[in-house]
Amino acid sequence: MTTSVDNAQTAADPTDTLGTVIDDVIRPQAPIVDRDGAFPRPGVDALAAAGLLGLASSTEVGGAGHGMRTVAEVIERLAAECGSTAMVALMHYAATAVIEAYGPHDLRAAIATGDHLTTLAFSEYGSRSHFWSPTGTATATDDDTVRLDARKSWVTSAGEANSYVWSSLPLTRDAGPMTLWLVPADSAGLSVAGDFDGLGLRGNGSRPMTADGLQVPATARMAADGAGLDTALGAVLPWFLVLNAAFCLGLADSAVAEAGRHLTRTTLTHTGAALRDAPVTRRDLARLMIRTDALRAFLGDTLTALETGRADAMLRVLQVKALAGETVADVTDGAMQLCGGSAFRKELGLERRFRDARAARVMAPTTDALHDFVGRVATGLPLLDEANR
């Protein structure tokens, strides 16, 4: 399990540019994205124009050359403003990790310059959140192409991304549990089914996709046949889990900040006291702050473990999303209670963060699955049973 370290030679601090994009586009658009369930195209385009979609791309292909720590900060700040935009970016960076390792130079360059949005297409109807057990097939044809057939259940940015990092069963039986492919969005036989009308993350475009006789060149395979699970666990999972934790941190931190502002500025006319003047209210706010800051510290330690190659890096990666998912659910729930009836109105943005936070527990690998993984690592068992590999 590896991750790149931030390149100190990159010229501009991307977080400076991000602030402008957030102020001008993402924050004003967030309520509209949520209300309409609209894909956050203006925000994604603004991130691309600012060079932020190429943040994790190598300088060799024109990218910013930053590592996971900087990207996590970007996801955290995006999630604080618009969970849907943050999730689209998160999945783009996770897919980019595979493409950087195995994708063609021209595609890597397109991602680096912001001309290409990519995403992961792992979860399937047949295996649900068990992304490590694909049911979709890959079949070699006579003309050096491969036929892909699958029913993907959840694909973020479905119909909006330019490409999909696609999982399937291997071409050759017993080659391994999974093979990964690079599927262009304009591939014949690729379709998107229905709209996404969810509780939260309403603009992330997570919809079912079907491949029916979809053909890709044999060169579209990323890594060896059957090696897709090792690639997913080694290249994708660290980015996906750590960035999910950063996503949760952004939601939790913004919810606590909004609750603090509400308690400070809201007064009771008949007593003249602000809500913050009640000791129990201050105590409850403090508890939310402490839980959020504990998550921040754990995320920071996870990044350090990855950057330094610490022996417990894999354990930390598995733990951090489980911790983050439970933390953000509890913190946003607590913020709603602290702010009372005001939190149920759209103006504070707390109910949106509350809804967006529910996704972390059920997004594969789910919290329950991660707890099992952590227990396996802690007791010396393999991450997955041999039957799943």
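What counts and how
Residues numbered from 1 in each chain as written. Predicted model: local features only at pLDDT ≥ 70, side-chain atom pairs only at ≥ 80, totals over all residues. Heavy atoms only, no water. Helix = DSSP H or I, 4+ residues; strand = E, 2+ residues; numbered from the N terminus. Rg over C-alpha atoms; globule rule 2.2 N^0.38 Å. Buried < 20%, exposed > 50% of the residue type's maximum accessible area, 1.4 Å probe, protein only. Contact = heavy atoms within 4.5 Å. Pairing = 2+ DSSP bridges. Axes fitted to C-alpha atoms, helices over the stretch in contact; angles between N-to-C directions. Phe/Tyr/Trp six-rings, centres within 6.5 Å; stacked < 30°, edge-to-face > 60°. Lys NZ or Arg CZ within 6 Å of the ring centre and 35° of its normal. Parallel < 35°, antiparallel > 145°, perpendicular 65-115°, else oblique. Nonpolar A, V, L, I, M, F, W, Y, C, P; charged D, E, K, R; others polar. Salt bridge = Lys/Arg side-chain N within 4 Å of Asp/Glu carboxyl O. Left-handed = near helix turned anticlockwise from the far one by under 90°.

Enquirer: What's the story with the overall build of the chain in this structure? I'm lost.
Expert: Within the chain one finds eleven helices and eight strands. Computed over C-alpha atoms, the radius of gyration of the chain comes to 21 Å, within 12% of the 21 Å expected from 2.2 N^0.38 for 389 residues, which places it in the range of a compact globule. Taking the principal axes of the C-alpha coordinates as reference, the chain spans close to 80 × 45 × 45 Å. When each of the 389 residues of the chain is scored for burial, the buried share is 55%. Sequence-distant contacts in the chain: of pairs separated by 6 or more residues, those separated by 24 or more amount to 74%.

Enquirer: Sorry, what's going on with the sheet that holds strand 8 (residues 221-222) here?
Expert: The strands making up a sheet associate through hydrogen bonds between their backbones, and the pairing can be parallel or antiparallel. The four strands are arranged 1-4-5-8 in an open sheet whose pairing can be described as mixed. Taken across any chain shown, the strands that pair with only one partner, and hence form the sheet edges, are strand 1 (118-121) and strand 8. One ladder, built from two bridges, connects strand 5 (residues 179-184) with strand 8; its direction is antiparallel. Within strand 8, the residue paired with Trp181 across the bridge is Arg221. Sheet strands touched by helix 4 (residues 83-102): strand 1, strand 4 (163-168), strand 5 and strand 8. Its angle to strand 1, the strand with the most contacts, is close to 90 degrees.

Enquirer: Can you help me understand the packing of aromatic side chains in this one?
Expert: The geometry of an aromatic ring pair comes down to the distance between the two centres and the angle between the two planes. Under the defined criterion, the tally for this structure stands at four aromatic pairs. Aromatic pair Phe122 and Phe131: ring centres 6.3 Å apart, planes at 20 degrees, arrangement stacked. Residue Phe122 shares its accessibility class with Phe131, and that shared class is buried. Following the ring pairs from residue to residue traces out a cluster consisting of Phe122, Phe131, Trp132 and Phe373. The ring of Trp166 carries the charged tip of Lys152 above its face, separated from the ring centre by 5.0 Å. The ring centre of Phe354 lies 3.9 Å from the NZ or CZ of Arg358, which sits over that ring.

Enquirer: Just to check I follow, could you spell out the sheet that holds strand 7 (residues 207-217) for this structure?
Expert: Strand order in this open sheet of four strands is 2-3-7-6, and the pairing throughout is antiparallel. Taken across any chain shown, the strands that pair with only one partner, and hence form the sheet edges, are strand 2 (137-140) and strand 6 (190-192). If you compare each strand with its neighbour and ignore which way they point, the axes differ by 10 degrees on average. Sheet topology note: the strand 6/strand 7 ladder contains three bridges and is antiparallel.

Enquirer: What should I look at first to understand the pairing of strand 3 (residues 145-155) in this one?
Expert: A regular strand places its side chains on the two faces of the sheet in alternate fashion. With eight of eleven residues buried, strand 3 is to be regarded as a mostly interior element. Of the strand pairs in this sheet, strand 2 and strand 3 are connected by four bridges, and their pairing is antiparallel. Within strand 3, the position partnered with Thr139 by the bridge is Arg147. In this antiparallel pair of consecutive strands, strand 2 and strand 3, the connection spans four residues, and Asp144 shows a positive phi of 60 degrees. As paired strands, strand 3 and strand 7 are joined by eight bridges and run antiparallel to one another. Opposite Leu148, over in strand 7, you have Leu214 as the bridge partner.

Enquirer: Just to check I follow, could you spell out the packing of helix 1 (residues 14-36) against helix 2 (residues 41-49) for this structure?
Expert: Helix-helix packing: each pair is described by the crossing angle between the helix axes and the interaxial distance. Relative to each other, helix 1 and helix 2 sit at 170 degrees, their axes nearing to 9 Å. In terms of orientation, helix 1 and helix 2 fall into the roughly antiparallel class. Mapping the contact onto sequence places Leu18, Val21, Val25, Ile26 and Gln29 in helix 1 and Pro42, Gly43, Ala46 and Leu47 in helix 2. Its residues assigned to classes, the contact of helix 1 with helix 2 comprises seven nonpolar, two polar and no charged.

Enquirer: Looking at this model, I keep getting lost on the pattern of salt bridges. Mind explaining?
Expert: Oppositely charged side chains can form a pair if their charged atoms are brought close together. Under the defined criterion, the tally for this structure stands at 30 salt bridges. Of the charged contacts in the structure, one is a salt bridge between Asp149 and Arg147, with a shortest N-O distance of 2.6 Å. Classification of Asp149 as buried rests on a relative accessible area of 18%. Judged by relative accessible area, Arg147 falls into the partly exposed class, the value being 36%. Residues Glu351 and Arg355 are paired through a salt bridge, measuring 2.9 Å at the closest nitrogen-oxygen approach.

Enquirer: Honestly, the packing of helix 6 (residues 228-265) against helix 7 (residues 279-308) in this entry has me stumped. Any pointers?
Expert: For the pair helix 6 and helix 7, interaxial distance at closest approach is 10 Å and the crossing angle is 155 degrees. Considered as vectors, helix 6 and helix 7 are oriented roughly antiparallel to each other. Of the two elements, helix 6 crosses helix 7, and the hand of that crossing is left-handed. On the side of helix 6, the interface is formed by Val242, Ala245, Ala246, Cys248, Leu249, Ala252, Asp253, Val256, Ala259, Gly260 and Leu263, while helix 7 contributes Thr281, Leu285, Leu288, Met289, Thr292, Leu295, Arg296, Leu299, Thr302, Leu303 and Leu306. Among the residues making up the contact of helix 6 with helix 7, the classes are represented as 16 nonpolar, four polar and two charged.

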